[in-house]
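So you can see what is in the structure, the chains are spelled out below.
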Amino acid sequence: SKPETITINNKTYQTDNWFNVSSTVLSLTSRKLHLQKDHPVQITRQIIESVFPNPTYKIYNEFDPVVSTHENFDSLGFPPDHPGRAKTDTYYINSSTLLRTHTSAHEAQLFRDSASPGYLISADVYRRDEVDRSHYPVFHQMEGARVWDRTKVPNGDLISAIKKDLELLPKHYMQVEDPNPPFHEERNPLQSHHTAEEATLVGQHLKRSLELMVNEIFTHVKKAAGAESEEPLKVRWVEAYFPFTSPSWELEVWYQNEWLEVLGCGVSQQQILIDAGVSNQICWAFGIGLERIAMLLFRIPDIRLFWSQDERFLGQFRGVSDDLRKLKPFVPFSIHPACWKDVAFWIGEQEIHENDVMEVVRDVCGDVVEDVKLKDQFTHPKTGRKSMAYRINYRSLERTLTNRETNRFHEDMTNELTRRLGVEIR
Ligand code: PHE
């Protein structure tokens, strides 16, 4: 039943037995919420872009979501057996073509064609994942990077050039916890291509730039919430790991009494720059999820809302893009009743991954499912067969579902589980 070819944004691709993109997800490739004026994802992008000066940072918002496995994984140093490559986690069009799982897929290309010392890319990204109020198979990320070229800085003096750029960054009054050394031999190593002083300075420029960004975002978050407190924002740096940066960090913000992870970043692996033919450059990069930030900015309680075409949703943000003073929290429209139903089944010959169950639910029921949870699982002591039970929570954001409708969704979904995953309903 798999199509032989599929067309995304006017380009046609040949599928093969790796193809696993559902029709729901395919239909979302044309939405580009980050480009839709007055959409909360677009407004969030605009706020973040405003922190990075033009023309130092060039903006790219139109990259196609279809990329090669090379661009998404190999070019960034992902090992061949990295779990992110699995069919259960990633949407493949064919064995060498996929829907990008992150904006980093465009790094190598931009380093190669670099038209400016820095860039920002916003785009839709795709991941197979669980079903709940903060996960959706399509979301938006922004990637940023800043490059220095040893051969192009005045007098070939890289250190002075980065120091000067550091001094040019505006000051901020946040409280920053950064107990980590600039790099750490085992946990967060310095690359052999960089001197300790170079990596330290690039790391400082990276951290100051992103602190300024987070400060700007949370100024809007607090203003929108009407919080008068003059307390400075509190953030902390945590060591992290990404295959394409070293050293690497995550930035967390103290918000509503907990540490909230907002972005990942680091000093780019020199091999990526070498492969791109720009071995003279040294670079930092970061990636941030836009829905996550938009949910805070507008107090949007459910990630499905971003895809709503309902005027009661979209109407609340009109005019904000041109005048950020109009930014205010989203007022949820009436909450419709939820209705849960369970489905229990024996697993057949075929191994199944939880994300496959999630995908069937999304495909058949679309956005009327709020979440899916594993309720129970056991192995029959005599036959050795494995049974699983899931609880599906049906609730539309836009209307009250009738009993008949919910039963129908549940029945169709159950049939599809049998058909696609070879399970036996109990
Ligand atoms: N691409 C990473 C992610 O999706 C984020 C990242 C970007 C980390 C750039 C480091 C540098 O999680």
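Criteria and cut-off values
Residues numbered from 1 in each chain as written. Predicted model: local features only at pLDDT ≥ 70, side-chain atom pairs only at ≥ 80, totals over all residues. Heavy atoms only, no water. UniProt positions renumbered as here; feature names shortened; annotations may be inferred. Pairing = 2+ DSSP bridges. Helix = DSSP H or I, 4+ residues; strand = E, 2+ residues; numbered from the N terminus. Axes fitted to C-alpha atoms, helices over the stretch in contact; angles between N-to-C directions. Near = heavy atom within 4 Å. Polar contact = N/O pair within 3.5 Å; in protein donor to acceptor, adjacent residues only side chain to side chain. Areas by Shrake-Rupley, 256 points an atom, 1.4 Å probe, with all protein chains shown as cover. 1 Å grid on protein atoms, 1.4 Å probe; cavity = no way out; pocket = protein on both sides within 12 Å on 5 of 7 lines; lining within 4 Å. Sits in = over half its atoms within 2 Å of the grid points. Nonpolar A, V, L, I, M, F, W, Y, C, P; charged D, E, K, R; others polar. Contact = heavy atoms within 4.5 Å. Buried < 20%, exposed > 50% of the residue type's maximum accessible area, 1.4 Å probe, protein only.

The protein chain appears in an unreviewed UniProt entry as Phenylalanine--tRNA ligase, mitochondrial from Podospora fimiseda. Checking UniProt for the protein chain, the heading Subcellular location (unreviewed entry) contains the comment "Mitochondrion matrix".

The next subject is the pairing of strand E14 (residues 339–346). Here eight bridges tie E14 to strand E16 (residues 386–394), and the two strands are oriented antiparallel to one another. Residue pairing across strands places Phe-345 opposite Met-388, the latter belonging to E16. With two bridges joining them, E14 and strand E17 (residues 424–425) adopt antiparallel strand pairing. Each bridged residue has a counterpart across the sheet, and for Phe-345 the counterpart in E17 is Ile-425.

This paragraph deals with the sheet that holds strand E5 (residues 92–94). With antiparallel pairing, the three strands of this open sheet are ordered in space as E4-E6-E5. The sheet terminates laterally at strand E4 (66–68) and E5, the two strands that pair on one side only. Direction aside, the axes of adjacent strands within the sheet are offset by 35° on average. Of the pairings in the sheet, the one linking E4 to strand E6 (residues 97–99) comprises three bridges and is antiparallel in character. When the bridges of E6 are listed, Val-66 appears paired with Leu-99.

We now examine the site of the ligand. In the vicinity of the ligand lie 13 residues, with His-102, Ser-104, Arg-127, Gln-141 and Gly-287 positioned nearest. A distance of 3.1 Å is found between a nitrogen atom of the ligand and a side-chain nitrogen or oxygen belonging to His-102. At 2.9 Å, a side-chain N or O of Ser-104 approaches a nitrogen atom of the ligand. Protein coverage of the free-state accessible area of the ligand, which is 330 Å², stands at 88%. Spatially, the ligand is embedded in the largest pocket. Put simply, the parts of the chain that give the shell around the ligand at least two residues each are strand E8 (138–149), strand E12 (258–268) and strand E13 (281–289). No other element matches E13, which puts three residues into the shell around the ligand. Looking at the shell around the ligand residue by residue, the class counts come to five nonpolar, six polar and two charged.

A separate point is the environment of Met-295. Within the secondary structure layout, Met-295 lies in helix H8 (residues 290–298). With 62 residues separating them in the primary sequence, Met-295 and Leu-233 have C-alpha atoms 18 Å apart. Excluding residues within four positions of it along the chain, Met-295 makes contact with Arg-133, Ile-300, Pro-301, Asp-302, Ile-303 and Phe-306.

This part covers unusual backbone geometry. Residue Pro-55 is bonded to the preceding Asn-54 through a cis peptide linkage, with omega at 5°. Tracing the backbone through its elements, the reader meets Pro-55 in the loop between helix H2 (40–49) and strand E3 (57–60). Of note, the bond from Ser-246 into Pro-247 is cis; its omega dihedral lies within 30 degrees of zero at -5°. Not every positive phi belongs to a glycine, and Asp-38 is a case in point at roughly 70°. Relative to the assigned elements, Asp-38 resides in the loop between helix H1 (23–28) and H2. Even without a glycine there, the phi angle at Asn-155 is positive, about 55°. The residue Asn-155 is located in the loop between E8 and helix H5 (158–168) in this model.

Looking at where Asn-72 falls in the secondary structure, it is placed in helix H3 (residues 69–72). In this structure Asn-72 comes out as buried when scored by relative accessible area, which is 0%. Filtering out sequence-adjacent residues up to four positions away, Asn-72 remains in contact with Val-67, Phe-78, Leu-98, Arg-100, Thr-101, His-102 and Ala-105.

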